[in-house]
Amino acid sequence: MVPPGKKIRVLIIDDSASVRQALTHVLEQDPEIEVMGAASDPFMAARKIQEEIPDVITLDVEMPRMDGITFLRKIMAQKPIPVVMCSSLTEEGSETLMQALEAGAVDIILKPKIGAADHLAESGTRIREAVKGAAVARLGQNRRTAAASGPTAKLTADAVLPPPSGRAMAKTTEMVACIGASTGGTEALRVLLEQLPANSPGIVIVQHMPEKFTAAFARRLDSLCEVAVKEAVHGDPVLRGHVLIAPGDRHMMLERQGARYHVAVREGPLVSRHRPSVDVLFRSAARSAGANAMGVILTGMGDDGARGMNEMHQAGAYTLAQDEASSVVFGMPKEAIAHGGVDRVLPLDQIAREILAADRRR
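Because the structure is predicted, anything quoted here is derived from the model rather than measured. (Residues numbered from 1 in each chain as written. Predicted model: local features only at pLDDT ≥ 70, side-chain atom pairs only at ≥ 80, totals over all residues. Heavy atoms only, no water.)

Would you mind going over the sheet that holds strand E8 (residues 228-231) with me for this structure?
Through backbone hydrogen bonds, the strands of a sheet pair up, either in parallel or in antiparallel fashion. The seven strands are arranged E8-E9-E7-E6-E12-E13-E14 in an open sheet whose pairing can be described as parallel. Every interior strand has two partners, whereas the edge strands, E8 and strand E14 (344-346), have only one. Strand-to-strand twist across the sheet, computed as the mean angle between neighbouring axes with direction ignored, equals 20°. Inspection of the sheet shows strand E6 (residues 176-181) paired to strand E12 (residues 293-297) by five bridges, in the parallel sense. Bridging across to E12, Ile179 finds its partner in Val296. Contacts from helix H8 (residues 278-288) reach E6, strand E7 (202-207) and E12, with the element oriented near 160° to E6. Running over the sheet, helix H11 (residues 348-360) touches E6, E12, strand E13 (318-322) and E14 and is turned about 170° from E13. (Pairing = 2+ DSSP bridges. Helix = DSSP H or I, 4+ residues; strand = E, 2+ residues; numbered from the N terminus. Axes fitted to C-alpha atoms, helices over the stretch in contact; angles between N-to-C directions. Contact = heavy atoms within 4.5 Å.)

Would you mind going over the nonpolar core with me for this structure?
Nonpolar side chains in soluble globular proteins generally cluster together in the buried interior. Ile57, Leu59, Met85, Leu192, Leu193, Leu298 and Ile351 are the most contacted members of the largest nonpolar core, which totals 59 residues. Here Leu192 is in contact with Ile179, Leu298, Leu348, Ile351, Ala352 and Ile355, once residues within four sequence places are set aside. If you look at the next biggest cluster of nonpolar residues, it comprises 30 residues, including Cys178, Phe282, Ala285 and Val342. (Core = buried A, V, L, I, M, F, W, Y, C linked by side-chain atoms within 4.5 Å. Buried < 20%, exposed > 50% of the residue type's maximum accessible area, 1.4 Å probe, protein only.)

It is not clear to me how the pairing of E13 should be interpreted in this structure. Could you clarify?
Taken residue by residue, a regular strand's side chains alternate between the two faces of the sheet. Burial analysis of E13 places four of its five residues in the buried class, which makes it a mostly covered element. Pairing of E13 with E14, which is carried by three bridges, proceeds in the parallel orientation. Pairing of Ala321 across the sheet is with Val345, part of E14. Assessed by its sense of winding, the connection that carries the chain from E13 through helix H10 (residues 331-338) to E14 is right-handed. (Right-handed = clockwise from strand over helix to strand, strands pointing away.)

How should unusual backbone geometry be read in this particular structure?
As a rule of thumb, non-glycine residues mostly have phi less than zero, and peptide bonds are mostly trans rather than cis. Following Arg275, the chain continues into Pro276 via a peptide bond in cis, with omega recorded as 10°. Among the secondary structure elements, Pro276 is positioned in the loop between strand E11 (260-266) and H8. With a phi close to 70°, Asp249 is a non-glycine residue in the positive phi region. As for its placement among the helices and strands, Asp249 is situated in the loop between strand E9 (242-245) and strand E10 (251-257). For Arg273, which is not glycine, the phi torsion reads 70° and is therefore positive. Examined against the element boundaries, Arg273 turns out to sit in the loop between E11 and H8.

Whenever I open this one, the pattern of salt bridges confuses me. Can you help?
Going through the model one piece at a time under the given rule, you end up with 21 salt bridges. Residues Glu102 and Arg220 are paired through a salt bridge, measuring 2.4 Å at the closest nitrogen-oxygen approach. A salt bridge links Arg250 to Asp249; the shortest N-O distance between them is 3.4 Å. On the accessibility criterion, Arg250 (25% relative accessible area) is partly exposed. Overlapping salt bridges, with partners in common, bring together Asp249, Arg250, Glu267 and Arg275 in one network. (Salt bridge = Lys/Arg side-chain N within 4 Å of Asp/Glu carboxyl O.)

What follows is the structure, given as structure tokens:
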């Protein structure tokens, strides 16, 4: 971890000179980050690491002489350094990046689209937060093997839907578990969902992840879990034994029609600097489900979900936060606890059991 008050030193590894320049510009807009160097391939990067060890590496996937996944595995085997994978937006690439997360990468970011000012501003916020999250991450946490500044105004869930109003809804329908996660969440969600049986309550998830990658992530979880996992589509019903993951770059909201729930997937501004936003999902649960909902906030950088979880709590929902010891980054759970919306704080390996116990108590 980087000591308080010290700049986060970043090494950029990418074969594109324009991408190296763009990433340098984006990262150095934050006074807490310093780009200590850049390399066009892993061999050049290895020489730089021998001279000075960076706090964080941003690593391209496809490069000459050695691909990024192979280099990542070598780093993790020899000298573990927090790595943020940097990739273009492709379906094939998203499958490869699932391998990167399993190999030890902390997070995924998209290569900025050079010349697209709006995209660069939004992606810049995400890139800086990913690097900051990686800098404080506990490497290896929850694995099978041994808030950011920016040019974008930080909007609340008010930008997408109004706050809850009226009394909390009585427990009249099946429970819906709403889960939010960010840095370290891909592995935390695997650990949690693999413990759930096929008859588990319906689950809706926001994991901070770029567009396209959420589909590959959902497919990977579906292959490992007894519950059915898929990337959410607008109008999907929330069903027992099914898990819906918000698509990257879209907000997901829980809505109620009669005694049944479904999800709405919509565009909108960044909320709490994210799209999808945990705050948006949690607020929608407070509005539409009240005491029929359960909120769970997992590992992640920043405070997305803290306000929404407090709204769920006030609406009668039962709420959990992952504890510090089992979190890769304790930012999001810590903020949710500080906002007063958390009923219980549990280690990751006990959360699935508590979801099932809450379902049985209904």
